[in-house]
Amino acid sequence: MPAISLLIMGRKAHIAVVILGLLAAMAILWLAARGAQERGSRPHVVLIMIDTLRADRLGSYGFEREVSPELDAMGRNGVRFANTVAQCSWTRPSIGSFLTSQYPRTLGIYYEDRGDLPDQVVTLAEVLRDNGYRTLGATANPHLNLSFNFHQGFDFYLDSVNVFDWMPATMGQVPQDHPPLPSARDLFGNVLAAIDGEDPDDQSRPHYLQFNIMEVHETWGENDLVRAEFKDHYTDVTSTKERRYLQAVRQVSVDIEWFVGELGRREGWEDILVVLVSDHGEGLADHPDVPGGAAHGFLLYESQLMVPWILYSTAGSLPPGRVVVEPVRLLDLMPTVLDFLGVQPPPDMRGTSLVPLINGGTVDLPERFFVETYFRGTNKLGVYAEDWKLFHNRDEYPKVNPVELQRMGIMENGVLTDEIQRFPEVALELTAYLREWEISYLPADPVELGEDLSQEAIEQLRSLGYLQ
C-alpha cells in the first residue's frame, strides 16, 4: 500500500480515537449531570425543631435586636411563613401533631406522664423511609424519647440520655429532677459521625435528619445550655430569663449555620432542604397578671402559639425571599414537605400542602384554626380567627374568664384585655365553630408504652436494648 494511504489511514484512526474519547467524556459528563439531577429531585431533608422559640424573637420576624442573623439569612434566601400557629402550647402534643398532621386530641396526647405517640399513626419519618430515605433522628428533649414512641420510622434514633425523674428510664438513662440536657452541638456532632460511618449504599441514599434542640427551652433554670462565649451578650436586658433566652437564640442560630455548612461540605450533600420550626413559644413577661403567663403550656396566647417556620434550600430550589403572609398551621408542615419532595402523602392528614402558596398561588385553608392544651391539669380549647381569638377555659383557671375573647395581635392579659362583655355575639359565633370541631374530632384515649406497639416496633426496641 502506498505510503500516502497509510498516512491517511493513520490520521483517520487518530481522529476516530479522538472522537471516541470525546464521546466517552461527554457520556461521563451526561451521566454525572443526570445523577446530579436525580439527586437534585430528591434532596436531603433536615428538620430542626428549636424548642420553645417564639416567632417574634427572631430578626426576620421583627425583633429589633440582632439575635439570629444566620437564621434570618436562611429566611431571606428561602421561604418564611410569617404567621404560623402551633396546635398546642407544649412539646409532646405539638410535635406529635405536626409530625403526623393530626390534632393532638386525636393522638390521645394530653398529659406529661402518659400519652405516647400511637403506633398506628403515620409519621413524616415513616413516609420518607418508605420512599427510600435513610432516616436519622436525635432529641435533646426526653419528651420525644423512645419511651414515648417518637422513634417511629427511624433507622437511627438518639435519645436524650438524661430524663426527668418522673419519666420511664431505659438502659443507660439517668433520671433527675431537672437534668442537664444534651446541647445542639452534641446532637449535630453525633449525627454527623453516624453519617460518616455509614456503608456506601446508605451514604448514596437521600437522608432525612430530625432534631429537637433545647437551648432556648432551658433558660429558666441553672442547667442552661448557653456557652461562655455568649454569656456576655444582651447584658443590658434586666430580666434574667429574657437575657438567657436571647443568648440561647443567638447560640442556636450560630450552631445551625455551622451544622448546615458541615453537611454541605460532604460529598453528595449539595442539595439540602432545611426546615426550621418551633413547637411552641414562651410567655416571658407578656402576660403579667395571669398565672403561668411567663412559661408555656398553661395558656393558648400568641406568645406561646405563634412560632417561626422557615424553609431553606442549599441548592436554591425555593423562591428566595418569599414571605407567606397568609396564616398557616404547623399541622400543614408534613403535607408541605411531602408535596415539595413529590412524595405521595398518607390519606388521612388533617393539614394542607402550602406549596402552591410558596409558588405564588392560593390554597384553600380553613378560615379558623383550632388549638388546645391539657398541660398539668389545664383544660383549654381555642379558635384563632382573622381578628379574634376565643378560648374556653374549662379548668377554673385564675385571672381568666371561663369563655375568653381576645383580639388578634395584642399581648393578652386575662380578664384585663378580655372583650367578651363588649362583643358577646363574636364569642357565640366562634363557640359554634369550636363545638362543631369538637364533634368532628373526638378525643382519643391516651396510649401507654407497649399498649399499642406493633411487633415491628417492639422488635426495634428490643434490638436497641430497650426491651428484654
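So, about the overall build of the protein. Scanning the protein from N- to C-terminus turns up 13 helices and 15 strands. The 468 residues of the protein split such that 57% are buried. Summarising the internal contacts of the protein: among those between residues at least 6 apart in sequence, 65% fall at separations of at least 24.

Time to look at the environment of Asp-165. Mapped onto the elements of the fold, Asp-165 is located in the loop between β5 (162-164) and β6 (174-176). On the basis of relative accessibility, which here comes to 43%, the residue Asp-165 falls in the partly exposed class. In this structure the C-alpha to C-alpha distance between Asp-165 and Asp-177, which are 12 residues apart in sequence, comes to 5.2 Å. Those residues in contact with Asp-165 that sit more than four places away from it in its chain are Pro-175, Gln-176 and Asp-177.

The next thing to look at is the confidence of the model for the protein. Put simply, the protein has an average pLDDT of 88, and 87% of its residues get 70 or more. Segment residues 450-454 is flagged for pLDDT under 50; beyond a separation of four residues in sequence, or across chains, it makes 10 contacts in the model.

Now for the side chain of Arg-134. Mapping Arg-134 onto the fold places it in strand β3 (residues 134-139). At 2.6 Å, the side chain of Arg-134 forms a polar contact with the side chain of Glu-198. Beyond its immediate chain neighbours, meaning those up to four positions away, Arg-134 contacts Asp-155, Glu-198, Asp-202, Arg-205, Pro-206, His-207 and Tyr-208.

All right, on to the layout of surface pockets then. Where empty space is left in the structure can be found by rolling a water-sized probe over the atoms. Empty space within the largest pocket amounts to approximately 400 Å³. What lines the largest pocket is a set of 21 residues, and nearest its centre among them are His-217, Trp-220, His-296, Phe-375 and Arg-376. By residue class, the composition of the lining of the largest pocket is eight nonpolar, six polar and seven charged. The space that makes up the second largest pocket amounts to roughly 340 Å³. Per-class residue counts for the lining of the second largest pocket are 11 nonpolar, three polar and four charged.

Before going further, it helps to examine unusual backbone geometry. For Asn-149, which is not glycine, the phi torsion reads 70° and is therefore positive. Structurally, the position occupied by Asn-149 is in the loop between β3 and β4 (156-158). A relative accessible area of 2% places Asn-149 in the buried class.

A word on the nonpolar core. Phe-81, Leu-124, Tyr-208, Val-275 and Trp-309 are the most contacted members of the largest nonpolar core, which has 67 residues in total. The element that contributes the greatest number of residues to this core is helix α10 (residues 333-341), accounting for five residues. Apart from the residues within four sequence positions on either side, Val-275 is in contact with Val-45, Val-46, Leu-47, Ile-48, Trp-309, Ile-310, Leu-311, Leu-333 and Val-337. Counting residues in each nonpolar core, the second largest holds 48 residues, with Phe-63, Phe-230, Val-274 and Tyr-312 among its members.

Moving on: the sheet that holds strand β12 (residues 369-373). Pairing in this open sheet of four strands is antiparallel, and the strands run β12-β13-β14-β15 from one edge to the other. Looking at the sheet topology across the chains shown, the edges are occupied by β12 and β15 (403-407). With direction set aside, neighbouring strand axes in the sheet form an average angle of 20°. The pairing of strand β13 (residues 380-384) with strand β14 (residues 388-393) spans five bridges and is classified as antiparallel. By the bridge assignment for β14, Gly-382 is matched with Phe-391. The strands touched by helix α12 (residues 424-440) are β12, β13, β14 and β15; relative to β14, the strand with the most contacts, the crossing angle is about 65°.

Burial within strand β7 (residues 207-213) is extensive, with seven of its seven residues counted as buried. Residues His-207, Leu-209, Phe-211 and Ile-213 point to one face of β7 and Tyr-208, Gln-210 and Asn-212 to the other, with burial holding for every one of them. Where strand β1 (residues 44-50) and β7 come together, six bridges link them in parallel fashion. Paired with Val-45 across the strands is Tyr-208, a residue of β7. Pairing of β3 with β7, which is carried by six bridges, proceeds in the parallel orientation. Considered in β7, the bridge of Leu-136 is made with Leu-209.

Think of it this way: side chains of opposite charge can pair up when their charged atoms draw near. All told, the structure shown has 30 salt bridges when counted by the stated rule. Salt-bridge contacts for Glu-70 lead to Arg-250; the nearest nitrogen and oxygen are separated by 2.8 Å. Here the residue Glu-70 occupies a position in helix α2 (residues 69-76), and Arg-250 occupies one in helix α8 (residues 240-264), the gap between them amounting to 180 residues. Residue classification places Arg-250 among the buried positions, given a relative accessible area of 12%. The shortest N-O distance in the salt bridge between Arg-368 and Glu-429 comes to 3.2 Å. You can see Arg-368 sitting in the loop between α11 (355-358) and β12 and its partner Glu-429 sitting in helix α12, a full 61 residues away along the chain. Arg-368 sits in the buried class, given a relative accessible area of 14%. Sharing partners across several salt bridges, the network here consists of Arg-54, Asp-56, Arg-57, Glu-242 and Asp-286.

This part takes up empty space enclosed by the protein. For the coordinates displayed, the defined rule picks out four cavities of 30 Å³ or more. Reported here for the largest cavity is a volume of approximately 50 Å³. Around the largest cavity sit Leu-99, Leu-117, Thr-123, Leu-124, Ala-125, Phe-150, Gln-152, Phe-154, Tyr-208 and Gln-210, which together line it. Within the residue set of the lining of the largest cavity, elements represented by two or more residues are α5 (124-130) and β7. Residues that form the lining of the largest cavity fall into these classes: seven nonpolar, three polar and no charged. Approximately 40 Å³ is the volume found for the second largest cavity. In terms of lining residues, the second largest cavity is bounded by Ile-50, Leu-53, Leu-58, Leu-71, Leu-276, Val-277, Pro-308, Trp-309 and Ile-310. Among the elements of the structure, β8 (272-277) and β9 (306-313) are those that each provide at least two residues to the lining of the second largest cavity. Looking at the lining of the second largest cavity element by element, the count peaks at three residues for β9.

So, how was this worked out
Residues numbered from 1 in each chain as written. Predicted model: local features only at pLDDT ≥ 70, side-chain atom pairs only at ≥ 80, totals over all residues. Heavy atoms only, no water. Helix = DSSP H or I, 4+ residues; strand = E, 2+ residues; numbered from the N terminus. Buried < 20%, exposed > 50% of the residue type's maximum accessible area, 1.4 Å probe, protein only. Contact = heavy atoms within 4.5 Å. pLDDT = per-residue confidence, 0-100. Polar contact = N/O pair within 3.5 Å; in protein donor to acceptor, adjacent residues only side chain to side chain. 1 Å grid on protein atoms, 1.4 Å probe; cavity = no way out; pocket = protein on both sides within 12 Å on 5 of 7 lines; lining within 4 Å. Points joined across faces, edges and corners; volume = space filled by probe spheres on them. Nonpolar A, V, L, I, M, F, W, Y, C, P; charged D, E, K, R; others polar. Core = buried A, V, L, I, M, F, W, Y, C linked by side-chain atoms within 4.5 Å. Pairing = 2+ DSSP bridges. Axes fitted to C-alpha atoms, helices over the stretch in contact; angles between N-to-C directions. Salt bridge = Lys/Arg side-chain N within 4 Å of Asp/Glu carboxyl O.

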